[in-house]
Amino acid sequence: MKSFYNYTLNELEDLVTSIGQKSAHARTLFTQVYKKQIDSFENIENISLELKEYLIKNISLELPKVVKEQVSTDQKTVKFLVQMNDGRTVETVLVPFEKKYTICISSQVGCAMKCSFCFTGTQGLTRHLDSTEILAQYVLAFKWLKKNMPEKSAPPNIVFMGQGEPLHNIEQVKKCLGILFTTEGLHLGPRQVTLSTAGYLPGLRDFNDLMGINLALSFHSPFDEQRNELIPLNKAYPLSEIIKQLKTINLRKRQFLTFEYLIIKDMNHSLEHIERIKELLTGLPVIFNLIPFNEFPGSPYKRPLMKDVEWFKEQLSESGFHTMVRTTKGDDILAACGQLNTK
Ligand code: SAH
């Protein structure tokens, strides 16, 4: 059976008309499944009986199974272990952010990038997720939220910061975004979505196809030699080329590029780093997001002292870069940045 979540609105209209029904039914279906979260075709209203019977027989509304659900001790971060049809699992995290929730989504089972500081990197890439599997993570986390915290019912924002390198799987990410942005469906806007990349240049070249979503780059060091060690991908696609490519990205007024900067104890937060950052990035519309390194079982680096993080933040701010520190959420359930691993 094909999954309902596989269809764009256009594809669904084609399906509906191919069985002799009015295409308007496709919009009705989108609204009731995505906006109203009706989860069986029996309960869909205002479609023909014939269409209903066809859907019940041929299309599935089933979501992947959540095989484990963990809530952090502060009760705010929720991590789901989601199992796909072939038994492979990924993690999806609900992260509180200001008054809303953000859903942190995985784009691959594992990851091919092998960043030395990342727990997901240690498991290697098993396979890409398809658009249905990516979208389903959003749908199931949103459903959980509506059920468990009905006061937070607005569609959450999305960050592609779970397992995987989303630009390595850009076609499926793009299809998923098309469905999320559909007016009759969830109707998310590009401002609600941020995609984080380790700097996968082939995907970055097509970034403008992603309909104006926000980009975050895992920067982590302004020195190629050090960045090579942290992100082996940098050997193939060094900083100069990435920065050149970033300049071709279409930004709206007041839209910025986020540079994520992992702070590792005694490694990448010196005055030389600040000087080099100024040389490389002055004039670019960049916001820094500092992430104190999160340790994981067997991790080769240490968490920095908060006073060092604060110092680095001040230096960047004084150099003219808007800078925030990402507070760590959910590390007690290994749900924080870089702690996702499903091996
Ligand atoms: N592959 C994408 C998406 C992962 S996003 C990327 O690399 O950007 C996850 C963010 O968490 C990235 O900025 C990543 O560099 C960061 N991260 C990875 N491991 C981490 C760790 N152990 N502690 C803190 N942040 C980490």
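Values in this document were obtained by computation on a predicted structure and should not be read as measured data.

1. What to know about the domain arrangement of the protein chain
Right, on to step 1. Along its sequence, the protein chain is organised into domain 1 (2-60) and domain 2 (65-333).
Right, on to step 2. Both sides of the domain 1 and domain 2 interface together cover about 1400 Å² of buried area, and 57% of this is carbon and sulfur.
Right, on to step 3. A per-residue breakdown of the area domain 1 buries against domain 2 is headed by Tyr5, Tyr34 and Gln37, which together make up 45% of the total.
Right, on to step 4. For the interface between domain 1 and domain 2, the tally reads 2 salt bridges.
Right, on to step 5. Between Glu11 and Lys175 there is a salt bridge, with the nearest N and O atoms lying 3.3 Å from each other.
Right, on to step 6. At the junction of domain 1 with domain 2, the criterion picks out 6 residue pairs in polar contact (both at pLDDT 80 or more).
Right, on to step 7. Among the elements of the structure, helix H1 (9-18) and helix H2 (24-35) are those that each provide at least two residues to the side of domain 1 that touches domain 2.
Right, on to step 8. The element that contributes the greatest number of residues to the side of domain 1 that touches domain 2 is H2, accounting for 5 residues.
Right, on to step 9. Taken together, the residues that form the side of domain 1 that touches domain 2 break down as 5 nonpolar, 5 polar and 4 charged.

2. Considerations on the nonpolar core
Right, on to step 1. Counting 102 residues, the largest nonpolar core has Phe4 and Phe288 as its most contacted members.
Right, on to step 2. Looking at which element gives the most residues to this core, the answer is helix H4 (residues 131-148), with 9 residues.
Right, on to step 3. In this structure, this core is formed jointly by two domains, domain 1 (2-60) and domain 2 (65-333), each of which donates at least three residues.
Right, on to step 4. Non-local contacts of Phe4, meaning those with residues more than four positions away in its chain, are made with Leu12, Leu29, Phe30, Val33, Tyr34, Phe41, Ile59, Ser60 and Leu61.

3. As for the packing of H4 against helix H5 (residues 170-181)
Right, on to step 1. Two numbers describe how H4 lies on H5: the axes approach to 8 Å, and their chain directions differ by 45 degrees. The orientation of H4 relative to H5 falls into the category oblique. Relative to H5, H4 is oriented so that their crossing is right-handed. Note on element contacts: H5 touches H4 through Gln172, Val173, Lys175, Cys176, Ile179 and Leu180, opposite Ser131, Ile134, Leu135 and Tyr138.
Right, on to step 2. In terms of residue class, the contact of H4 with H5 is made up of 7 nonpolar, 2 polar and 1 charged.

4. Focus on the packing of aromatic side chains
How two aromatic rings sit relative to each other is set out by the distance from centre to centre and by the angle between their planes.
Right, on to step 1. Taken as a whole and judged by the stated rule, the model has 19 aromatic pairs.
Right, on to step 2. On the basis of an interplanar angle of 50 degrees and a centroid distance of 6.1 Å, the ring pair of Phe4 and Phe30 is categorised as tilted. Of this pair, Phe4 sits in the loop between strand E1 (2-3) and H1 while Phe30 sits in helix H2, placing them 26 residues apart in sequence.
Right, on to step 3. An aromatic cluster is defined as three or more aromatic residues linked by ring pairs; in this entry it consists of Phe219, Phe259, Tyr261, Phe288, Phe312 and Phe321.

5. Section: the site of the ligand
Right, on to step 1. Close to the ligand lie 19 residues, the nearest being Phe117, Ser196, Ser218, His220 and Asn294.
Right, on to step 2. In the environment of the ligand, an oxygen atom lies 2.6 Å from a nitrogen or oxygen atom belonging to the side chain of Ser196.
Right, on to step 3. In the environment of the ligand, an oxygen atom lies 2.6 Å from a nitrogen or oxygen atom belonging to the side chain of Ser218.
Right, on to step 4. Here the ligand has 530 Å² of accessible area as a free molecule, and 95% of this is covered by the chains.
Right, on to step 5. Secondary-structure elements contributing two or more residues to the shell around the ligand are strand E10 (193-197) and strand E12 (257-263).

6. Concerning the sheet that holds strand E5 (residues 89-97)
Right, on to step 1. Spatially, 10 strands are ordered E3-E4-E5-E6-E9-E10-E11-E12-E13-E14 in an open sheet, and the strand pairing comes out mixed. With one partner strand each, in any of the chains shown, strand E3 (65-71) and strand E14 (322-325) form the two edges of the open sheet. Sheet twist, expressed as the mean angle between neighbouring strand axes with direction ignored, is 20 degrees.
Right, on to step 2. Bridge count for strand E11 (residues 214-218) against E12 is 3 bridges, and the pairing is parallel. Note that in E12 the partner of Ala216 across the bridge is Thr258.

7. Quick notes on the side chain of Thr323
Right, on to step 1. Mapped onto the elements, Thr323 comes out in strand E14.
Right, on to step 2. With relative accessibility at 7%, the residue Thr323 sits in the buried group.
Right, on to step 3. At 2.9 Å, the side chain of Thr323 forms a polar contact with the backbone oxygen of Phe321.

8. Quick word on the state of the cysteines
Right, on to step 1. Across all of its chains, the model carries 0 disulfides by this definition.
Right, on to step 2. No disulfide involves Cys111; its nearest neighbouring cysteine sulfur is the one of Cys115, lying 6.4 Å away.
Right, on to step 3. Exposure remark for Cys111: the relative accessible area of 9% places this residue in the buried category.
Right, on to step 4. Looking at Cys118, it has no disulfide partner, and the nearest cysteine sulfur is the one in Cys115, 6.2 Å off.
Right, on to step 5. When its relative accessible area of 16% is taken as the criterion, Cys118 is described as buried.

Quick notes on the rules
- Residues numbered from 1 in each chain as written.
- Predicted model: local features only at pLDDT ≥ 70, side-chain atom pairs only at ≥ 80, totals over all residues.
- Heavy atoms only, no water.
- Domains from an automatic or database assignment.
- Buried area = accessible area lost by both parts, 1.4 Å probe.
- Salt bridge = Lys/Arg side-chain N within 4 Å of Asp/Glu carboxyl O.
- Polar contact = N/O pair within 3.5 Å; in protein donor to acceptor, adjacent residues only side chain to side chain.
- Helix = DSSP H or I, 4+ residues; strand = E, 2+ residues; numbered from the N terminus.
- Nonpolar A, V, L, I, M, F, W, Y, C, P; charged D, E, K, R; others polar.
- Core = buried A, V, L, I, M, F, W, Y, C linked by side-chain atoms within 4.5 Å.
- Buried < 20%, exposed > 50% of the residue type's maximum accessible area, 1.4 Å probe, protein only.
- Contact = heavy atoms within 4.5 Å.
- Axes fitted to C-alpha atoms, helices over the stretch in contact; angles between N-to-C directions.
- Parallel < 35°, antiparallel > 145°, perpendicular 65-115°, else oblique.
- Left-handed = near helix turned anticlockwise from the far one by under 90°.
- Phe/Tyr/Trp six-rings, centres within 6.5 Å; stacked < 30°, edge-to-face > 60°.
- Near = heavy atom within 4 Å.
- Areas by Shrake-Rupley, 256 points an atom, 1.4 Å probe, with all protein chains shown as cover.
- Pairing = 2+ DSSP bridges.
- Disulfide = S-S within 2.5 Å.

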